[in-house]
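Structural features, examined
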Amino acid sequence: MITDPSARSDLIERTRERLPGLRLLTDELDRESYRRDETAYLHPGLPLAVALPTTTAEVSELVRLAADRRIPVVPRGAGTGLSGGAAGIEGGLTIALTKMDRILEIDRANLVAVVQPGTINATLKSSVAEHGLFYPPDPASYETCSIGGNLGTNAGGLCCVKYGQTRDSVLGLEVVMADGTVLRTGSRNLKDVAGYSLTQLLVGSQGTLGIVTEATLRLRPMPPPRATLLAFFATLAAAGAAVSRMTAGGLSPVTLELMDRFTIAAVDDWHQLGLDRDAAAMLMVESDLPGAAAALELDGAQAAAEASGATLVVRSTDPTEADWLRQGRRMAYHALERLGVARMEDVGVPRSRIPALLEAIEGVGRRHGATIGTFGHAGDGNLHPTFVFDRDDPTAEATTEAARADLYRAALALGGTVTAEHGIGLARRDYLVEQVGPDAVRVMRAIKGALDPLGILNPDKVLPPA
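Residues numbered from 1 in each chain as written. Predicted model: local features only at pLDDT ≥ 70, side-chain atom pairs only at ≥ 80, totals over all residues. Heavy atoms only, no water.

Let us now look at helix 14 (residues 396–413). Helix length check: helix 14, at 18 residues, gives a terminal C-alpha distance of 25 Å against a target of 26 Å (1.5 Å per residue), a fit within 8%. Every buried residue of helix 14 is listed here: Ala396, Thr399, Thr400, Ala403, Arg404, Ala405, Leu407, Tyr408, Ala410 and Ala411. In the core, the buried residues of helix 14 are packed alongside strand 16 (341–344), strand 17 (347–348), helix 13 (354–368) and strand 19 (382–389). Looking one or two residues past helix 14, Gly415 carries a phi angle of roughly 80°, positive in sign. (Helix = DSSP H or I, 4+ residues; strand = E, 2+ residues; numbered from the N terminus. Expected span 1.5 Å × (residues − 1). Buried < 20%, exposed > 50% of the residue type's maximum accessible area, 1.4 Å probe, protein only. Contact = heavy atoms within 4.5 Å.)

In structure tokens:
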């Protein structure tokens, strides 16, 4: 990769000449604000410049100009990522897609929306709701995260247990490739097996294979208001056993979320929800089935919880109360952040191994003397153990590194993954070989080399150095 200062200055000069209407940030203070995503503990480089295009043609020209000068390009959404995928590269060009935020079409006849990558997830949800439709992908940060960022990481969220991750709602993409070519993948067809599935390959690639400039997304009819159940347990093991019972019983709730005692207290201190603070764990189960079917689904969840030793089970069918409870769960990470420095992880295991994962997390905390608040999407095996440190703790970084390595290996030993929805990015890059093996990484490198032969698209992210 060229680091010649003349190439960098030439990129800025030529960009201003070729794209005079483009907003290009070169002031150091402006560039500094685009240096990091939510992984504040990483130490990324300072971008040479930050471009804020408004059209696909501008993105294409920016990539061509950067490729001609061998300058790395970092695509960026709203900056809410938790893997360092949008972290700046020293002397690189960051392309922030936040100005490309239009909903281009809502096609009710075909249950499809066409959107630009800067569209905020919550904006899309509310817009399609006006048409009686529903966009399922539901990250906890849905009010601030962008569709482009969701596509980059294959984001998950609270509804994954029933509706799947972002990839499951993507029908097609418009993508700027590493040479500036604009490619369209997929279609509006629900069934389309023509050639390789490039759409599925690009979703989750974190900008290392192309830059998404438009997405065709699958919508669903709006389900009824949710019925909600909370179950409290005296031990984490009992909560984990309840999750396993619900899964084995064939239940498919729209959400099946877990919070441990530490997280329950943090959320309740902030939101005053009246949660059982003496409980070691809480499960939140929601059904979006119509009428009596929702009651039957929650009956099954309650039976599984009680068979696993639940100390208290409460149910609510009031939509406002259910929304308060759901928002409390969404804010779990931010509730922990109020207590100190919080560093959230993202491990997953087969759903039947949730009890073992909870036990492993407790073991990691004991071995490293770390305070861990655990919450997450227990229904699909994805938990977010979050290390919490005093703000002036000088050991926080070293403890985190040692503990997260222990955590990752515990998840892998259970047949799991070091990231279920946040992405490998920069933060977990060095663990990819441990999870998938050297042969799989070799194939990934071959794909990267074929689509980005100059290696300019988000280099050093996802794939470890050869």
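Now that the structure has been shown, the text picks up again.
Counting 48 residues, the largest nonpolar core has Phe233, Met246, Leu283, Val285, Leu357, Leu383 and Phe387 as the members making the most contacts within it. Within the residue set of this core, elements represented by two or more residues are strand 12 (227–233), helix 8 (236–248), strand 13 (255–260), strand 14 (281–287), helix 10 (291–307), helix 13, strand 19 and helix 14. Not counting residues within four places of it along the chain, the set of residues in contact with Leu357 comprises Val347, Val349, Gly381, Leu383 and Leu414. The next biggest cluster of nonpolar side chains, apart from the first, holds 25 residues, and it includes Ile12, Leu62, Ile71 and Ala178. (Core = buried A, V, L, I, M, F, W, Y, C linked by side-chain atoms within 4.5 Å.)

Attention now goes to the sheet that holds strand 6 (residues 112–115). With respect to topology, five strands assemble into an open sheet ordered 5-6-10-8-9, the strand pairing being antiparallel. Looking at the sheet topology across the chains shown, the edges are occupied by strand 5 (103–107) and strand 9 (182–186). The sheet shows a mean angle of 10° between the axes of neighbouring strands, direction not considered. Sheet strands in contact with helix 3 (residues 56–68) are strand 8 (170–176), strand 9 and strand 10 (211–218), and its direction is about 50° off that of strand 8. In the packing of helix 4 (residues 121–129) onto the sheet, the strands contacted are strand 5, strand 6 and strand 10, and the crossing angle to strand 5 comes to about 35°. (Pairing = 2+ DSSP bridges. Axes fitted to C-alpha atoms, helices over the stretch in contact; angles between N-to-C directions.)

The strand order 1-2-4-3 describes an open sheet built from four strands, whose pairing is mixed. The outermost strands of the open sheet, each flanked by one partner alone, are strand 1 (23–25) and strand 3 (73–76). Strand-to-strand twist across the sheet, computed as the mean angle between neighbouring axes with direction ignored, equals 20°. Pairing geometry for strand 2 (residues 49–52) and strand 4 (residues 93–96), over three bridges, is parallel. Bridge pairing in strand 4 places Ala49 opposite Leu93.

Another aspect to go through is the packing of aromatic side chains. Counted by the stated rule, this structure contains two aromatic pairs. Relative to Tyr163, the ring of Phe134 has its centre 5.4 Å away and its plane inclined at 75°; by these criteria the two rings are edge-to-face. One end of the pair, Phe134, is in strand 7 (residues 133–134); the other, Tyr163, is in helix 6 (residues 160–163), and 29 residues separate them in sequence. Of the residues examined, Phe134 reaches a relative accessible area of 10% and is grouped as buried. (Phe/Tyr/Trp six-rings, centres within 6.5 Å; stacked < 30°, edge-to-face > 60°.)

Moving on, we come to the pairing of strand 3. Side chains Val73 and Pro75 of strand 3 all project onto a buried face; the interleaved residues Val74 and Arg76 project onto the opposite face, where all are buried too. Bridge count between strand 3 and strand 4: four bridges; the pairing is parallel. Each residue of the ladder has a partner; that of Val73, found in strand 4, is Leu93.

With that out of the way, let us pick up the pairing of strand 10. Where burial is concerned, most of strand 10 is hidden: seven out of the eight residues are buried. Of the pairings in the sheet, the one linking strand 8 to strand 10 comprises six bridges and is antiparallel in character. Its bridge partner lying in strand 10, Gly172 is registered against Thr216.

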